[in-house]
Amino acid sequence: MVRISPSLNWMCTLKNNFIKHKLIMNRYLGFISMAIILSSCGKSAKLNYPPAPADGTTYEAFGISVNDPYRPLENDTAAATLQWVEAENMVTRSYLDKIPFRNNLHKRLESLNRYSRQGAPSLEADGKYYFSANDGSKNQSVIYRMDSIGGEPEIFIDPNQLSDDGTVALTGIFMSHDGKYTAYTISRSGSDWTEIYVMETDSKKLLSDHIEWAKFTGASWKGDGFYYSAYDKPEAGKEFSSANEYHKVYYHKIGTPQSSDVVAFENKEQPLYFHQADVSNDESALIVSASGQGNGNSLQVLDLRNPNSKWVIIEPTQDYESEVVDVADGKVYMRTSIGAPCYRFVEVDIKNPQRDNWKEIIPEDPDGAVLTSVQFAGLDKYIAVFDRDASNHAFVYNNDGAMIREIELPTFGTVAFSSSKKTPETFYSFSSFVYPAAIYSYDLETGSSQLYHRNELEGFNPEDYITEQVFYTSADGTKVPMFTVRHKDVKADGTNPVYLYGYGGFNVTLNPTFNPNRLLWLENGGIYAQANLRGGAEYGEKWHEAGTKMNKLNVFNDFIAAGEYMINQGWTTPNLLTIEGGSNGGLLVGATVNMRPDLFKVAIPRVGVMDMMRYHLFTIGWNWAHDYGTADDSKEMAQYLLDYSPIHNIKNDGTSYPAILVTTADHDDRVVPAHSFKYAATLQAANTGDAPKLIRIDSKAGHGAGKPVAKVIDEYTDIYSFIYHNLGIKPEKKANE
């Protein structure tokens, strides 16, 4: 089943709907007229941008003067902000819609996304197998079930029926341990706010139970009820911008209203903690992890069989990450970075939880591979996945931690397993940059893999493309890995457009993954480059820490060095180099453009963190402090943040900047759109040359998770149109057929 990720990093891995307030055109005609683009959308045409609401705010941080002239844009429901948003979208649409090949790009992206895909089957508590599938025509994948492998599937949940436009996404499915009930979570318009519904599993009858204002949660079953995490109902009008505080764990009993739910866990002294609850499969233990103020999570366990039991603390701090795999027979099995920066797998006796008593099952890899997941497979085996140089490698172990064999994978890629204690039947999916996920059945005894289902794109041959991993040198001499993907006919002759992507933060590893929209770039002769920057988890906690707080400049230097490598190796030139990143990667793009505007021709910062002085004041921004530090920490930290904050370092002296397309969305309550609003307004007011500085503001969309396919296609159409147009390239292959 779909489950909430055990990773406690909410930055990566989901504002009010102000776009719905349409302007009356004749009322604002005078304002809008200032936003009309010149008749030509040529690269040399100068754009007239709408004036942004401004109040000239300045403030001090430890005596350091900080300018924040566009502070009014933080109020995303104010009339002046709504007017500006409407005017900006008019400018952007007028520019993009005039690009002559835009419609052909849209058609090709529709074709690339119109392929049948299926997930690995999973045996659940009701004895049936569940899997997701999409025939290529739906905005959201459908959940199916069948009585046996190869049996006739029936629809279990079709999220496309939850809304007319696909903007309600199914974010998790959680079946009770006896299989009687199934809870499922949804997100509306991409918001992180979660609603929970309950149905009878067998009949699929929807019950009256409905939970609102939940966030970063699943449903963990105990008897005829479940635990979930939620905040108090926010103030009206500030649902998508106010800081979230006091995350509580509740218990909900089936058939009762949410108002009757009991608080099962809270920490009144720590308003900025997240709390996630899990119940062991035998319902003997409740596990609560807390995060939000460190790089990892604390962990404690409660014996649910004894009403007088006390919480047993396994890890009191948030200095390390610990992921519970199972609780059984009084033992906690977990993957942890405690005592192992690249992670290990241990057994903890709840009666003797001190670290000295832990039994190590799978030790930390001596060569530095990062243990990314462990799961049970049948009654006596584990499957462990390691990252080695940012690519997945999988191994089978016995219960004593002895490695039996490696599971051979086809190439650089990403693997995900479907296994459990209940059955030796094991499946896994494998994908890579040009290979859609293929599903295999795996025999635990013989080690043989058999193809179960292959997802294929008609008219696209992955064998025509080459994926390589290179290692380049950053500014301080550090070797950084990077994947490059290109058609086999592309040569290092300096004429190739390069699309460079990065993230570099929050312990996130960029593995080789499949994205059908990327194929349009590749089939038109472009090179895709994915840099594994410091700040991620590619080489464990040391690699992560090397890109945090006062080391954050390492990340930007790594990204700049990646672009320089592609140029120095003869693949491209600055006039053909595009950079893109989202969220923390949007910060990456904004910062590196300010540092090296000469190195890039086009920049696409998506839903980025652009105001490093105030990011911690909105929704869950405070949770990012362990990576960034805050302007409230010290004068030294405030100055460091100010010196690279994208909004505060835009040059205003005539320096030519790349063409920039900023993207954000009205329901992004993770990185609130005010970041992108203020960044775009500052860019447009600065003297940075004539290349366009546009902002695309999506409606009924959030940080990215759960976005319907139709909206994804529209967004990539605009991004590619903007890139090609500003590179001076007309995409010939496929896009114009």
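Residues numbered from 1 in each chain as written. Predicted model: local features only at pLDDT ≥ 70, side-chain atom pairs only at ≥ 80, totals over all residues. Heavy atoms only, no water.

**Quick word on the pairing of strand 31 (residues 449–454)**
The following threshold applies: Here, any two strands with at least 2 DSSP bridges between them count as paired. The secondary structure listing takes helices from DSSP runs of H or I that are at least 4 residues long and strands from runs of E that are at least 2 residues long, numbered from the N terminus.
Sheet topology places strand 30 (residues 435–442) next to strand 31; five bridges connect them, and they run antiparallel. Bridged to Y440 within strand 31 is L451. Linking strand 30 to strand 31, which pair antiparallel, is a turn of six residues; within it G447 sits at a positive phi near 80°.

**Brief notes about the packing of aromatic side chains**
The condition is simple: Stacked, tilted and edge-to-face are the three classes applied to pairs of Phe, Tyr and Trp rings, where Trp contributes its six-membered ring and a pair requires centres within 6.5 Å; stacked means planes under 30 degrees apart, edge-to-face means over 60, and tilted covers the rest. We call a residue buried when its accessible area falls under 20% of the maximum for its residue type, exposed when it is over 50%, and partly exposed in between, using a 1.4 Å probe and counting protein chains only. Consider the ring centre and the ring normal. A charge sits over the ring if Lys NZ or Arg CZ is within 6 Å of that centre and within 35 degrees of that normal.
If you walk through the whole model with that rule in mind, you get 43 aromatic pairs. The interplanar angle of 90° and the centroid separation of 6.2 Å between the aromatic rings of W193 and Y231 together place this pair among those described as edge-to-face. One end of the pair, W193, is in strand 10 (residues 193–200); the other, Y231, is in the loop between strand 13 (225–230) and strand 14 (248–253), with 38 residues separating them in the sequence. Side by side, W193 and Y231 carry an identical accessibility label, which is buried. An aromatic cluster of three or more residues is present, and its members are F101, F412, F433, F483, Y499, W521, Y528, Y716, Y720 and Y724. Here the guanidinium or amino end of K215 rests over the ring plane of W193, the centre of that ring lying 4.1 Å away. Here the guanidinium or amino end of R335 rests over the ring plane of Y343, the centre of that ring lying 4.4 Å away.

**Considering the sheet that holds strand 37 (residues 602–606)**
Just so we agree on the cut-off: Lines fitted to the C-alpha atoms define the axes, with helices restricted to the stretch that makes contact. Angles between their N-to-C directions range from 0 to 180 degrees. Here, residues are in contact when the closest pair of their heavy atoms is within 4.5 Å.
Here eight strands make up an open sheet; going across it, the order is 32-33-35-34-36-37-38-39 and the pairing mixed. Of all the strands in the sheet, just strand 32 (465–473) and strand 39 (693–698) have a single pairing partner and so form its edges. Ignoring which end each strand starts from, the neighbouring axes of this sheet average 20° apart. Where strand 34 (residues 498–501) meets strand 36 (residues 577–582), four bridges bridge the pair, whose relative direction is parallel. If you follow V498 over to strand 36, its bridge partner there is L577. This element, helix 11 (residues 709–727), spans strand 34, strand 36, strand 37, strand 38 (659–665) and strand 39 of the sheet and lies at about 155° to strand 37.

**Topic: the side chain of D718**
Spelled out, the test is: Pairs of N or O atoms are called polar contacts if they sit within 3.5 Å, as long as, within protein, a hydrogen donor faces a hydrogen acceptor (for residues adjacent in sequence, only side-chain-to-side-chain pairs).
With respect to the element layout, D718 can be found in helix 11. Among the polar contacts made by the side chain of D718, one reaches the side chain of R102 at a distance of 2.9 Å. In this structure the side chain of D718 is engaged in a polar contact, spanning 2.7 Å, whose partner is the side chain of R696. Residue contacts for D718: discarding those within four places in its chain leaves R93, L96, R102, L661 and R696.

**A look at the packing of helix 2 (residues 79–97) against helix 11**
How two helices sit against one another is set out by the angle between their axes and by the gap between those axes. Note the following rule: When the near helix sits turned anticlockwise from the far one by under a right angle, the crossing is termed left-handed; a clockwise turn instead gives a right-handed crossing. Note that Gly is not counted as nonpolar here; it falls among the polar residues with everything else outside the nonpolar set of Ala, Val, Leu, Ile, Met, Phe, Trp, Tyr, Cys and Pro and the charged set of Asp, Glu, Lys and Arg.
Taken N-terminus to C-terminus, the directions of helix 2 and helix 11 make an angle of 65°; their axes are 10 Å apart at the nearest point. By crossing handedness, the relation of helix 2 to helix 11 is classed as left-handed. Here R93, Y95 and L96 of helix 2 lie close against helix 11, whose contacting residues are D718, F722, H725 and N726. The residue inventory of the contact of helix 2 with helix 11, partitioned by class, reads three nonpolar, two polar and two charged.

**A few points about empty space enclosed by the protein**
Our working rule: Lining residues are defined by having an atom within 4 Å of a point belonging to a cavity or pocket. Those points lie on a 1 Å grid over the protein atoms alone, cavities being sets where a 1.4 Å probe fits but cannot get out and pockets being open sets with protein on both sides within 12 Å along at least five of seven lines. Grid points are joined across faces, edges and corners, and a volume is the space filled by probe spheres set on the points.
Counted as a void, the largest cavity has a volume near 40 Å³. Around the largest cavity sit E74, D611, R614, F618, V672, A674, H675 and K678, which together line it. Partitioned by chemical class, the residues of the lining of the largest cavity number three nonpolar, one polar and four charged.

**A few points about the nonpolar core**
Basically, it comes down to this: Among buried residues, the Ala, Val, Leu, Ile, Met, Phe, Trp, Tyr and Cys ones that are joined through side-chain atoms within 4.5 Å form a nonpolar core.
One finds Y472, M482, L500, Y628, Y720, F722 and I723 to be the most contacted residues of the largest nonpolar core, which totals 119 residues. Ranked by residues supplied to this core, first place goes to helix 11 with nine residues. One finds F345, A369, A384 and F395 within the second-largest nonpolar core, a separate group that totals 16 residues.

**With respect to the packing of helix 6 (residues 552–568) against helix 7 (residues 584–595)**
Going by this rule: In what follows, roughly perpendicular refers to angles from 65 to 115 degrees, roughly parallel to angles under 35, roughly antiparallel to angles over 145, and oblique to any angle outside these ranges.
Between helix 6 and helix 7, the least distance of the axes is 10 Å, while the angle of their chain directions is 70°. As summarised for this structure, helix 6 and helix 7 are arranged roughly perpendicular, according to the angle between their axes. Side by side, helix 6 and helix 7 meet where K552, L553, V555, F556, N557, F559 and I560 of the first sit next to N584, L587, L588, A591, T592 and M595 of the second. Per-class residue counts for the contact of helix 6 with helix 7 are nine nonpolar, three polar and one charged.

**As for helix 10 (residues 674–685)**
Stated precisely, the cut-off is as follows: Here the expected length of a helix is defined as 1.5 Å per residue gap, with one fewer gap than residues.
For helix 10, spanning 12 residues, the distance from its first C-alpha to its last is 16 Å, which sits close to the expected 16 Å at 1.5 Å a residue. Here helix 10 lies mainly inside the structure; 11 of its 12 residues are buried. Buried residues in helix 10 make contact with strand 2 (64–68), helix 2, helix 7, strand 37, strand 38 and strand 39.

**Points about the pairing of strand 16 (residues 274–279)**
In terms of residue burial, strand 16 counts as a mostly covered element, since five of its six residues are buried. In this sheet, strand 17 (residues 285–291) lies alongside strand 16 in antiparallel orientation, the contact comprising six bridges. When the bridges of strand 17 are listed, A277 appears paired with V288. Counting the residues in the hairpin turn of strand 16 and strand 17 gives five residues, including E283, whose phi is positive at 60°.

**Side note on the pattern of salt bridges**
Condition: A carboxyl oxygen of Asp or Glu within 4 Å of a side-chain nitrogen of Lys or Arg is what we treat as a salt bridge.
A full pass over the atoms with the stated rule returns 38 salt bridges. A salt bridge links R606 to E715; the nearest nitrogen and oxygen atoms lie 3.2 Å apart. A residue pair is termed long-range when its members are at least 10 positions apart, and R606 in strand 37 and E715 in helix 11 qualify at 109 residues. An identical accessibility class is assigned to R606 and E715; each is buried. When salt bridges that share partners are traced, they join R93, D97, R102, R696, D698, K711 and D718 into one network.

**Things to note about unusual backbone geometry**
Look at N507: it is not a glycine, yet its phi comes out positive at around 60°. What makes N507 buried here is its relative accessible area of 18%. The phi angle at S583 is positive, at roughly 65°, despite the residue not being glycine. Summarising the element assignment, S583 is placed in the loop between strand 36 and helix 7.

**Side note on helix 6**
In this model helix 6 runs 25 Å from its N-terminal to its C-terminal C-alpha over 17 residues, within 8% of the 24 Å that 1.5 Å per residue would give. Among the 17 residues of helix 6, 12 are classified as buried, and the element is accordingly described as predominantly covered. Of all the positions in helix 6, only K552, N554, V555, F556, D558, F559, I560, A561, A562, G563, Y565 and M566 are classed as buried. Looking one or two residues beyond helix 6, the residue adopting positive phi is G570, at roughly 85°.

**Overview of the sheet that holds strand 19 (residues 312–315)**
Strand order in this open sheet of four strands is 16-17-18-19, and the pairing throughout is antiparallel. Bordering the open sheet on either side are strand 16 and strand 19, each of which pairs with just one other strand. Averaged over all pairs of adjacent strands, the angle between their axes in this sheet comes to 25°, without regard to strand direction.

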